[in-house]
Amino acid sequence: MTPLPDGYRTVAVPHDRKNEFRAVDHLAFAYEPDEKTLEMLPEQLEWDRCAGVERPDGTLAAVHSSYDFDLPVPGGEVACSGLTWVGVRPDERRRGLLTAMIDFHFARSLERGEPVSALFAAEMAIYGRFGYGAAANDVRVKIPRGSTLRDVPGSDALTVRFDTADPDKHTDLVHAVHVTAGAGRPGWVTRASEASRRARVVDPPAWREGGEPLRIATVHDEAGDPRAYALLRRKETWTDAGPRTPVQVREAAATDPAAAHRLWSFLLDLDLTAEVSSGMLPADDPLLGLLLDVRGAVPRIADNIWVRLLDLPTALAARRYSAPLDVVLEVTDTRLPANAGRWRLETGEAGADGYPVQVTTTDDEPDLRLDVRELGAAYLGGRSLAALARAGLVTEVTPGTLLPTASAFGWPIAPVCSWVF
Ligand SMILES: CC(=O)SCCNC(=O)CCNC(=O)[C@H](O)C(C)(C)COP(=O)(O)OP(=O)(O)OC[C@H]1O[C@@H](n2cnc3c(N)ncnc32)[C@H](O)[C@@H]1OP(=O)(O)O
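Small disclaimer: the values here were computed from a predicted structure and weren't measured.

### A word on the sheet that holds strand β21 (residues 394-396)
In space, the five strands of this open sheet follow the order β19-β18-β17-β20-β21, with mixed pairing throughout. Edge strands, defined here as strands with exactly one partner in the open sheet, are β19 (357-361) and β21. On average, each strand axis in the sheet is inclined to that of its neighbour by 25°, with strand direction left out of account. By the bridge criterion, six bridges tie strand β17 (residues 326-332) to strand β18 (residues 341-347) in an arrangement that is antiparallel. Residue pairing across strands places Val-328 opposite Arg-344, the latter belonging to β18.

The structure is reproduced here in structure tokens:
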């Protein structure tokens, strides 16, 4: 465990210290929600997973929490501790408090039987040193109004409804479509608690920044069943050249191609608007296949979910592989030495969801050398071990083993998490 300053200690933070816990995070994030916002936001924190660092006088200097997730991985899912709400008071930073909290978080996650941890990083430079790898990218596109989509049969038969988002009315619809839309996509964490589902639809006035209240567009089939939704906000804008209202999509999902086509056709043709910002999409989102002029949709690509293997053999065996594999990996892991050493990965007979693998320790010579951070990056199948090798982050010791291993770790569906937790 990392030494803390004298008299400081890592502690669990119970619910009755909620205000103190939040105050530390507000100081760290330069954020102070007003009373109305606090009232409207559902309580998402799981208090038996909240922790922090106490100073000698018993006050909190740093906090963090985690969510209990089932993380979708290639061909399956794995118990995952979703690290969140990490904050250190500005006057206590760079004294090792985060480092101590990470050790605490890893130990508690392993005790709970969670072989993997995941997070969204506030800044890129923070978490790699702790063995987290950036495991997915998301794409946000700005699409000009009126952009044409390729045809999809059945789209015209679907209807669109447009409404003000209402947590009482829309939470269940959003959750149901979100779950179906992401089935089989690595990284697509679904919102397990009622509070986290509701939080996607709430819209405190302080978040509107001069825009309209959050709206929802939903796509329905002839039976009235929902097949797609977009949560969005417009901000009325007039210029000398006429109306140029931007549309910002908070989140969109569709269960099938026709519904995706109907949804985006509607969003790209709203009166008075000039441009639609898509929100976070997977790199292979159907929208990018449907746009006739995809070059006209200006992309921004950013890191999405980060993954840390805490219990390496259990984590690697929890996913499936795209091709047969018999390889020895030599892994370094300074924070969790139980993961370090040589591991043989040998696949068994393929099932419908890919090749299962047996992971055993070995004294055999290694084929590839890499840090646990790179294994985390490749874990969801979206970052190629071959690409990491070209950046000097993976070493091929036995010639000819890199490409087959990279192929086996890859996956045909791009990973993404559609919401920041
Ligand atoms: C999953 C999430 O919740 S992401 C949210 C993270 N929180 C924030 O960004 C809020 C604002 N920032 C903070 O609260 C803090 O500065 C934190 C949490 C980022 C870092 O906490 P600290 O206690 O200062 O980190 P700690 O002292 O343990 O630093 C460990 C190492 O990481 C480095 N480090 C820490 N934060 C950063 C950063 N933002 N950028 C670059 N390096 C960093 C430190 O320099 C140190 O390096 P060293 O070991 O080479 O000396």
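### Description of the UniProt feature "domain: Enhanced intracellular survival protein" (unreviewed entry) in the protein chain
The UniProt entry lists residues 313-418 under the feature "domain: Enhanced intracellular survival protein" (unreviewed entry), expressed in the numbering used here. Split by type, residues 313-418 is 25% helix and 25% strand. Its first and last C-alpha atoms lie 27 Å apart.

### Re the sheet that holds strand β1 (residues 9-12)
Read from one edge to the other, the open sheet built from seven strands follows the order β1-β2-β3-β4-β5-β16-β6, with strand pairing classed as mixed. Across the chains shown, the open sheet's two edge strands, defined by having one partner strand only, are β1 and β6 (133-134). Both β1 and strand β2 (residues 51-54) contribute to a ladder of four bridges, which runs antiparallel. Residue Ala-12 lies in a different strand from β2, and its bridge partner there is Ala-51. Strand contacts of helix α1 (residues 18-29): β2, β3 (60-73) and β4 (76-88), with the helix running at about 90° to β3, the strand carrying the most contacts. Running over the sheet, helix α3 (residues 97-111) touches β1, β2, β3, β4 and β5 (116-119) and is turned about 40° from β3.

### Here we look at the nonpolar core
Core analysis: the largest hydrophobic core is formed by 113 residues, its most contacted members being Ala-62, Tyr-229 and Leu-263. Take this core: its biggest share by element is eight residues, from β3.

### Focus on the site of the ligand
Around the ligand there are 22 residues in total, and Val-86, Arg-93, Leu-98, Thr-99 and Ala-122 lie nearest to it. When residues of the shell around the ligand are traced back to their parent elements, those giving at least two are α1, β4 and α3. Of the residues forming the shell around the ligand, the biggest block, six residues, is contributed by β4. Taken together, the residues of the shell around the ligand break down into 13 nonpolar, four polar and five charged.

### Considerations on the UniProt feature "binding site: acetyl-CoA" (unreviewed entry) in the protein chain
Residues annotated in UniProt with the feature "binding site: acetyl-CoA" (unreviewed entry) correspond here to Val-86, Gly-87, Val-88, Arg-94, Arg-95, Gly-96, Leu-97, Leu-98 and Thr-99. Mapped onto the elements of the fold, Gly-96 is located in the loop between β4 and α3. Those residues in contact with Leu-98, other than ones at most four positions away along the chain, are Ala-62, Val-86 and Val-88.

### As for the pairing of strand β13 (residues 245-254)
Direction of pairing for strand β10 (residues 226-234) relative to β13: antiparallel, over a ladder of seven bridges. Of the residues in β13, the one forming a bridge with Arg-234 is Val-247. Inspection of the sheet shows β13 paired to strand β14 (residues 273-277) by four bridges, in the parallel sense. Within the sheet, the bridge partner assigned to Thr-245 lies in β14 and is Thr-273. Regarding topology, helix α6 (residues 257-267) serves as the crossover connection from β13 to the parallel β14, and that connection is right-handed.

### Looking at unusual backbone geometry
For Arg-94, which is not glycine, the phi dihedral falls at a positive 60°. Tracing the sequence through the fold places Arg-94 in the loop between β4 and α3. The exposed category is assigned to Arg-94, around which 7 C-beta atoms lie within 10 Å. With phi around 45°, Glu-209 is a residue other than glycine that occupies positive phi space. Looking at the element boundaries, Glu-209 is found in the loop between α5 (194-199) and β9 (215-220). Overall, the presence of 9 C-beta atoms within 10 Å leaves Glu-209 in the exposed class.

### Quick look at the domain arrangement of the protein chain
On domain assignment, one finds that the protein chain holds domain 1 (9-114), domain 2 (139-300) and domain 3 (318-371 + 384-409). Look at where the C-alpha atoms of domain 2 and domain 3 centre, and you get two points 38 Å apart.

### Some points on helix α4 (residues 167-181)
With 15 residues, α4 should reach 21 Å at 1.5 Å per residue; the first-to-last C-alpha distance of 20 Å fits that figure. Of all the positions in α4, only His-170, Thr-171, Val-174, Val-177, His-178 and Ala-181 are classed as buried. Along the axis of α4, the buried positions cluster into a sector of 155°, meaning they face one direction only. The inward-facing, buried residues of α4 abut α5, β9, β10 and β13.

### Description of α3
Under the 1.5 Å per step criterion, the end-to-end length of α3 is 21 Å for 15 residues, consistent within 8% with the ideal 21 Å. Among the residues of α3, Leu-97, Leu-98, Ala-100, Met-101, Ile-102, Phe-104, His-105, Phe-106 and Ser-109 are the ones counted as buried. In the core, the buried residues of α3 are packed alongside β1, β2, β3, β4 and β5. Where α3 ends, the next residue or the one after it, Gly-113, has phi of about 80°, a positive value.

Reading the values: rules and limits
- Residues numbered from 1 in each chain as written.
- Predicted model: local features only at pLDDT ≥ 70, side-chain atom pairs only at ≥ 80, totals over all residues.
- Pairing = 2+ DSSP bridges.
- Helix = DSSP H or I, 4+ residues; strand = E, 2+ residues; numbered from the N terminus.
- Axes fitted to C-alpha atoms, helices over the stretch in contact; angles between N-to-C directions.
- UniProt positions renumbered as here; feature names shortened; annotations may be inferred.
- Contact = placed C-beta atoms within 7 Å.
- Core = buried A, V, L, I, M, F, W, Y, C linked by C-beta atoms within 7 Å.
- Buried ≥ 20, exposed ≤ 12 C-beta atoms within 10 Å, placed from the backbone.
- Near = placed C-beta within 6 Å.
- Nonpolar A, V, L, I, M, F, W, Y, C, P; charged D, E, K, R; others polar.
- Right-handed = clockwise from strand over helix to strand, strands pointing away.
- Domains from an automatic or database assignment.
- Expected span 1.5 Å × (residues − 1).
- Arc of directions from axis to C-beta.

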